[in-house]
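Residue-level structure breakdown
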Amino acid sequence: MTNQIPEITLHDGLQIPSVGFGTYKLKGESGAQAINHAITNGYRLLDSAYNYENEATVGEAIRRSSVPREELLVTSKLPGRYHHYDDAIVTIQESLLRANLDYYDLYLIHWPNPIQDNYVEAWQALIDAKKFGYIRSIGVCNFLPEHLERLQKETGILPTVNQIELHPLFNQEEQLKFHEEHHIATESWSPLSRASDLLQDETLQKIADQHNRTISQIILRWHYQLGTIAIPKSATPSRQKENISIFDFELSKEEMTIINSLSKQDGRLKDQDPAVYEEF
Ligand SMILES: NC(=O)c1ccc[n+]([C@@H]2O[C@H](COP(=O)([O-])OP(=O)(O)OC[C@H]3O[C@@H](n4cnc5c(N)ncnc54)[C@H](OP(=O)(O)O)[C@@H]3O)[C@@H](O)[C@H]2O)c1
């Protein structure tokens, strides 16, 4: 199967697919096989992280694939414990060595950790790592508008991407507006709300029945129509295919509104508010 996923253009010109593949918990031999299946099934954007301890697994899946490296977009992320400049540069080098890659397409700061407050220094390291050729495009995860504004003020450079928790239970309306105004692309993590009860929701089932689709496909189509890049994870090849078979139907305005109405102020899956939550 060839890649049928439409692309979007980041503010630095890099084109990336509008649906990617999450790899959290995909590790070891079974992980390499699952990621390899995902590539065969048509995924080109792979999302990994230093803290997932699977950069080597992602690299191995890429080497086993018949898809050339340059057709894939590989992401990793800088952990909170390495926000100091020198640590960040070495960590990016280590990420490359673990994956056995010459470059990452996208490298993100994993969490802002505002209490620790070293994220501007980490951002400066990503800016330089891009100049060194380690990374093609630089972004962040879980940054609130105040953190993004500070990056702009202190370095003059805004991330191309902010990867945030986003699913129908937590639709991040205000944050999305801020991203749009600043030309920052939104990636949605846990786009299927980590297979919570949402996948049995009656309202979503009605919409799914109307379109002869699964609830997962309805949710992923909702992400696409919001303009966000969902990165669903699945170890199951049939679900991997299902999750990218969303480009031949459309949700109506009314259906988008119904899905948005499922969102709540406290709809986060866990209590991970980036203003106070820190991850190392
Ligand atoms: N930046 C951050 O701070 C951050 C935080 C969390 C996650 N992430 C990234 O976001 C990615 C996705 O988020 P996630 O893994 O938390 O959750 P998710 O993608 O919302 O959900 C994954 C779960 O949904 C199941 N699933 C997938 N497709 C399905 C389908 N069509 N029907 C039924 N069940 C389905 C999977 O099961 P099977 O695998 O068994 O098929 C798995 O249990 C992660 O893998 C990671 O790369 C980033």
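Computed from a prediction, not measured in an experiment: that's the story for all the values here.

Despite not being glycine, His183 has its phi angle at roughly 55 degrees, a positive value. Mapped onto the elements, His183 comes out in the loop between α6 (173-181) and β9 (185-189). Given a relative accessible area of 59%, His183 falls into the exposed group.

A word on the site of the ligand. As a structural note, the neighbourhood of the ligand is formed by 29 residues, with Asp47, Arg194, Lys233, Ser234 and Thr236 the closest of them. Gln163 places a polar side-chain atom, nitrogen or oxygen, 2.8 Å from a nitrogen atom of the ligand. At 2.7 Å, a side-chain N or O of Ser190 approaches an oxygen atom of the ligand. Per element, the largest residue contribution to the shell around the ligand is three residues, and it comes from helix α9 (residues 237-244). Residues that form the shell around the ligand fall into these classes: twelve nonpolar, eleven polar and six charged.

As a further point, take the pairing of strand β7 (residues 135-141). A regular strand places its side chains on the two faces of the sheet in alternate fashion. Within β7, six of the seven residues are buried, which leaves the element mostly enclosed by the surrounding structure. By the bridge criterion, five bridges tie strand β6 (residues 104-109) to β7 in an arrangement that is parallel. Bridged to Tyr107 within β7 is Ile138. Taken together, β6, helix α4 (residues 119-131) and β7 form a β-α-β motif whose crossover is right-handed. Here two bridges tie β7 to strand β8 (residues 161-165), and the two strands are oriented parallel to one another.

Glancing now at the packing of aromatic side chains. What the rule picks out here adds up to nine aromatic pairs. Residues Tyr50 and Tyr82 carry aromatic rings whose centres are separated by 5.9 Å and whose planes lie at 85 degrees to one another, so their mutual orientation is edge-to-face. Separated by 32 residues along the polypeptide, Tyr50 in the loop between β4 (45-47) and α2 (55-64) and Tyr82 in the loop between β5 (73-78) and α3 (85-99) bring together distant segments of the chain. Tyr50 gets classed as buried once you look at its relative accessible area, which sits at 8%. For Tyr82, a relative accessible area of 25% puts it in the partly exposed group. When the ring of Tyr224 is compared with that of Phe247, the centres are 5.0 Å apart and the planes differ by 85 degrees; the resulting orientation is edge-to-face. Separated by 23 residues along the polypeptide, Tyr224 in helix α8 (residues 215-226) and Phe247 in the loop between α9 and α10 (253-260) bring together distant segments of the chain. By relative accessible area, which is 25% here, Tyr224 ends up partly exposed. Above the plane of the ring of Tyr103 lies Arg69, whose end atom (NZ or CZ) is 4.0 Å from the centre.

How each quantity is defined
- Residues numbered from 1 in each chain as written.
- Predicted model: local features only at pLDDT ≥ 70, side-chain atom pairs only at ≥ 80, totals over all residues.
- Heavy atoms only, no water.
- Helix = DSSP H or I, 4+ residues; strand = E, 2+ residues; numbered from the N terminus.
- Buried < 20%, exposed > 50% of the residue type's maximum accessible area, 1.4 Å probe, protein only.
- Near = heavy atom within 4 Å.
- Polar contact = N/O pair within 3.5 Å; in protein donor to acceptor, adjacent residues only side chain to side chain.
- Nonpolar A, V, L, I, M, F, W, Y, C, P; charged D, E, K, R; others polar.
- Pairing = 2+ DSSP bridges.
- Right-handed = clockwise from strand over helix to strand, strands pointing away.
- Phe/Tyr/Trp six-rings, centres within 6.5 Å; stacked < 30°, edge-to-face > 60°.
- Lys NZ or Arg CZ within 6 Å of the ring centre and 35° of its normal.

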